[in-house]
Amino acid sequence: MRSFFRIIRFALQSIMRNFWLSFVTVSVFVLTLVMMNAVILLNVLADASVKSVEGRVQVTVYFTQDASLDVAKNTQAYLLGLSQVKEVTYVPAEEALAEFRVEHATDPVILGALDEVDGNPFSQALTIRAYNAADFPFIVQALDAPEYQPFIQEKSYDTYESALRVLTNVSEKVRLGFLVLGLFFGFIAVLIVFNTIRVAIYVHRDEIGIMKLVGANDWFIRGPFFVESIAYALTATLIMAGIVAGTLALANPALTAFFQGVDVNLMAYYSSQWLPLFGAQFGVLALLGLGTTVFAMRKYLRV
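So, here is what we can say about the structure in this document. (Residues numbered from 1 in each chain as written. Predicted model: local features only at pLDDT ≥ 70, side-chain atom pairs only at ≥ 80, totals over all residues. Heavy atoms only, no water.)

Section: the overall build of the protein
For clarity, the threshold we go by: Runs of E in the DSSP output that reach at least two residues are strands. Runs of H or I that reach at least four are helices, and both are numbered from the N terminus. Two residues form a contact once any of their heavy atoms are found within 4.5 Å. We get accessible surface area from the Shrake-Rupley algorithm with a probe of 1.4 Å; when it comes to residues, only the shown protein chains can shield them.
When its secondary structure is counted, the protein shows 10 helices and 4 strands. Each helix and strand of the protein, placed in order from N terminus to C terminus, yields the pattern α-α-β-α-β-α-α-β-α-β-α-α-α-α. For the protein, long-range pairs separated by at least 24 residues make up 83% of all intrachain contacts whose partners lie at least 6 apart in sequence. On the protein, roughly 17,500 Å² of surface is accessible, and the fraction owed to carbon and sulfur atoms is 64%.

Structural data, given as structure tokens:
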């Protein structure tokens, strides 16, 4: 235990003697973690965005003018019996006409053309929502059953496919960009840790020589450098945890308001996953630092 505490003391002394180099090392580690957490947050937000868009996808089924209310209700019951269907809403013809007038209230040309039509041009309809947007082709095909198909005038399938495709492409490119930046800062961190350990070996060269003369073993001499690299990783992880907590506390209300109807509580996500998330990040940095330290010691530390 005495040797262990001496190793920690020597490591802290080395960090303080090379304070600015240690500061730069921790800063680059923090930037590396920023990129890692940005990728994590983008994954969560991209999933929430896709769910938000998918939540707007619906199929509208318009019945013929001679279709009775019983036909519409039977079709509604049939659709609700499908496991892929989340919700089916019956829309009377009068309600469809009223919604159309409200939607085009600022377009006098369309409203004028509607007034020229004798009676209500709209028929009763059903709006269908699914649990998954990929299920809509099956639902549309299910409506081609012989007992329902003759009474269906039109099926409007609003897929939001282009919005989903653009959203997916943009999120993938942004994630790739942050991943490349993370790898870049990781490479810079390797170089800085390498030079930090090299400088520490140079600064402690006289002490290392004295330790060897008095019989210190190799691990006692190498230990402070390992502790130093782990200290950099732990400090950077703690700083990053504070940055994430502060950022999410400020941004979470705005994100919750923006993604209405979608669970996008990032604070709750990090609160439930903080140990594996930050534990993994600390582990990556620690392995990065230890590997670089081993390489630097093999090159410059002759013990």
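Once you've had a look at it, read on.
Considering the packing of aromatic side chains
Put simply, the rule reads: Side-chain rings of Phe, Tyr and Trp, where Trp is taken by its six-membered ring, are said to pair if the distance between their centres is within 6.5 Å; with planes under 30 degrees apart they count as stacked, over 60 as edge-to-face, and otherwise as tilted. Each residue is assigned to one of three classes by its accessible area relative to the maximum for its type, calculated with a 1.4 Å probe on protein chains only: buried under 20%, partly exposed between the two thresholds, exposed over 50%.
Overall, the coordinates contain 2 aromatic pairs when judged by the stated rule. A centroid spacing of 5.8 Å and a plane angle of 80° characterise the contact between Trp20 and Phe23, whose relative ring orientation is edge-to-face. Linking Trp20 with Phe23, this pair stays in helix H2 (residues 19-54), spanning 3 residues, or about one helical turn. Note on Trp20: relative accessible area 64%, which makes it exposed. Here Tyr78 and Tyr148 contribute two aromatic rings whose centre-to-centre distance is 4.7 Å and whose plane-to-plane angle is 25°, an arrangement assigned as stacked. Separated by 70 residues along the polypeptide, Tyr78 in helix H3 (residues 69-80) and Tyr148 in the loop between helix H6 (136-142) and strand S4 (152-158) bring together distant segments of the chain.

A closer look at the side chain of Ser229
Mapped onto the fold, Ser229 is located in helix H9 (residues 218-258). Overall, the relative accessible area of 1% leaves Ser229 in the buried class.

A look at the nonpolar core
Put simply, the rule is: For the purposes of this section, nonpolar cores are sets of buried Ala, Val, Leu, Ile, Met, Phe, Trp, Tyr and Cys residues that join through side-chain atoms within 4.5 Å.
Membership of the largest hydrophobic core comes to 30 residues, with the highest contact counts inside it found for Phe29, Ile197, Ala236, Val244, Tyr270 and Leu285. Only H2, helix H7 (161-203), H9 and helix H10 (266-300) provide two or more residues apiece to this core. Looking at which element gives the most residues to this core, the answer is H9, with 9 residues. Residues within four places of Tyr270 in sequence aside, it is in contact with Asn37, Ile40, Leu41, Val244, Leu248, Leu277 and Phe278.

Focus: the environment of Met267
Within the secondary structure, Met267 is located in helix H10. Among the residues examined, Met267 registers a relative accessible area of 28% and is labelled partly exposed. Sequence separation between Met267 and Leu248 is 19 residues; the distance between their C-alpha atoms is 5.9 Å. Contact partners of Met267, with chain neighbours within four places excluded, come to Ala245, Leu248, Ala249 and Asn252.

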